[in-house]
Amino acid sequence: MLAPHRIASPNYDPRPIDVRFLVLHYTAVDLARTLEIFTDPARKVAAHLVLDMDGALYECVPCWDGAAQRGWHAGVSHWHDGVAQWEALNDWSIGIEMVNFNGNIFPFTDAQYTALAAIVDHLRQHYPALRHAEAVLGHEQIAGFRGKADPGWQFDWPRFFAMCYPNQPAPPRQPVCPLTVRDALTRLAEVAPTAGIAANAFWERVSLLTEAAAGIAAQGDRTRLPT
Ligand SMILES: [Zn+2]
C-alpha cells in the first residue's frame, strides 16, 4: 500500500476542511526544492501531497488519515460545477503537486499516473465527493483567469480519468496556456538546464513567465467576451 513520507510544513491552517475537490498542480522545480519551499514559512505555500517523478509520495499538509486540513495551494480561485459556485478552493480541496519543471512542456511519468490511481483510490475512501470524476480539477481550471497554467498541456487527463474513474465519462479539462506560448517554451527547453540548482532557478522563473503569458491571454479572452 502506498503511504506517504511525512514532511512537517507550517504552511496551512490547522483546521479541518470539507473536501469536495482534488486539485492537480505541477511544481516547476525538483522534489528537494519543492519540499524546501513548502517548509519555508516565508513562502506561505504548500500542497497536501507532493508526487515525485518516480512515484514517491510526500505529505506536507495532513489529509491522508481522513481529516484534511486547510492547505495553501489554490489561492484566489473559483469553480462552477454546474450546480453551485465555489470560491477559495483552499477551503474545499486537497492539492497534489506533481514534480515536473513545466507540465506544458515535459510529460508526466508512468510512475506518477500509477501513483495517482492509488492516491485517488485511497482518498475516495475518506472523502466521498472524490468518488466522482467531476471532483478532480487542474489549478488552471480554477485559477486560469490569473494565469495559473498547471498541470498543463502534457497532463493526460483522458488517461488519468480512464485509470481513476473507468466507469464514468471523462469531464473536459482544457489547458489554458496559449499554444504559441507552449511552443515557444518547448523551444526554450531545448537549451535549458535540466538538473541541479541552475535548473530549479531557471524553471521557477519560466513558471512565472508562463503564468504571465497565460494571464494576459485570459484577460484578452475576457475583454473579447461581450462581442
Ligand atoms: Zn498550481
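First, a word on scope: everything that follows refers to the structure included in this document.

### Looking at helix α5 (residues 179–189)
Phase 1: Those residues of α5 lying buried are Val181, Leu185 and Ala189. Buried residues in α5, looked at end-on, bunch into an arc of 80°, giving them a common side. Looking at α5, the residues exposed on the side facing more than 90 degrees away from the buried face are Thr180 and Arg187.

### A closer look at the layout of surface pockets
Phase 1: Empty space within the largest pocket amounts to approximately 560 Å³.
Phase 2: Lining the largest pocket are 25 residues, with Thr27, Val45, Glu97, Lys148 and Glu211 positioned closest to its centre.
Phase 3: At the level of elements, β3 (21–26), α1 (31–38) and α6 (196–224) are the ones that each hand at least two residues to the lining of the largest pocket.
Phase 4: Sort the elements by how many residues they give to the lining of the largest pocket and α6 lands first, with five residues.
Phase 5: Taken together, the residues of the lining of the largest pocket sort by class into ten nonpolar, eight polar and seven charged.

### Remarks on the coordination of the zinc ion
Phase 1: Bound to the zinc ion are the protein donor atoms His25 (ND1), His139 (ND1) and Asp150 (OD), situated 2.0 to 2.1 Å from the metal.
Phase 2: Take histidine 139: its relative accessible area is 4%, and that puts it in the buried class.
Phase 3: Among the residues examined, aspartate 150 registers a relative accessible area of 7% and is labelled buried.

### Here's the deal with the pattern of salt bridges
Phase 1: What the rule picks out here adds up to ten salt bridges.
Phase 2: Put simply, arginine 182 and aspartate 183 hold a salt bridge, and the shortest N to O gap is 3.3 Å.
Phase 3: Salt bridges here are not isolated pairs; linked through shared partners, they connect Asp13, Arg70 and Asp91.

### Some points on the nonpolar core
Phase 1: In this structure, Leu123 and Phe160 are the most contacted members of the largest nonpolar core, which totals 33 residues.
Phase 2: Among the elements of the structure, β3, β4 (49–51), β9 (93–98), α2 (110–126) and α4 (157–164) are those that each provide at least two residues to this core.
Phase 3: When residues of this core are assigned to their parent elements, the largest contribution, six residues, is made by α2.
Phase 4: Ignoring sequence-local partners within four residues, the contact set of phenylalanine 160 consists of Leu116, Val120, Val136, Phe155 and Tyr165.
Phase 5: In terms of nonpolar packing, the next biggest core, distinct from the first, is built from 13 residues, Ala47, Val50, Tyr58 and Cys60 among them.

### Notes on the packing of aromatic side chains
Phase 1: Going through the model one piece at a time under the given rule, you end up with 14 aromatic pairs.
Phase 2: Between the aromatic rings of tyrosine 113 and phenylalanine 155, the centroid separation amounts to 5.5 Å while the plane-to-plane angle is 20°, which identifies the pairing as stacked. Taken together, the positions of tyrosine 113 in helix α2 and phenylalanine 155 in the loop between α3 (139–143) and α4 put the pair 42 residues apart, joining distant regions of the chain. Phenylalanine 155 shares its class with tyrosine 113; the two are buried.
Phase 3: Each member of the aromatic cluster is reached from another via a ring pair, and the members are Phe108, Tyr113, Phe155, Trp157, Phe160, Phe161 and Tyr165.

The rules behind these values
- Residues numbered from 1 in each chain as written.
- Predicted model: local features only at pLDDT ≥ 70, side-chain atom pairs only at ≥ 80, totals over all residues.
- Heavy atoms only, no water.
- Buried < 20%, exposed > 50% of the residue type's maximum accessible area, 1.4 Å probe, protein only.
- Helix = DSSP H or I, 4+ residues; strand = E, 2+ residues; numbered from the N terminus.
- Arc of directions from axis to C-beta.
- 1 Å grid on protein atoms, 1.4 Å probe; cavity = no way out; pocket = protein on both sides within 12 Å on 5 of 7 lines; lining within 4 Å.
- Points joined across faces, edges and corners; volume = space filled by probe spheres on them.
- Nonpolar A, V, L, I, M, F, W, Y, C, P; charged D, E, K, R; others polar.
- Donors = N, O, S within 2.8 Å, 3.2 Å for Na, K, Ca; no water.
- Salt bridge = Lys/Arg side-chain N within 4 Å of Asp/Glu carboxyl O.
- Core = buried A, V, L, I, M, F, W, Y, C linked by side-chain atoms within 4.5 Å.
- Contact = heavy atoms within 4.5 Å.
- Phe/Tyr/Trp six-rings, centres within 6.5 Å; stacked < 30°, edge-to-face > 60°.

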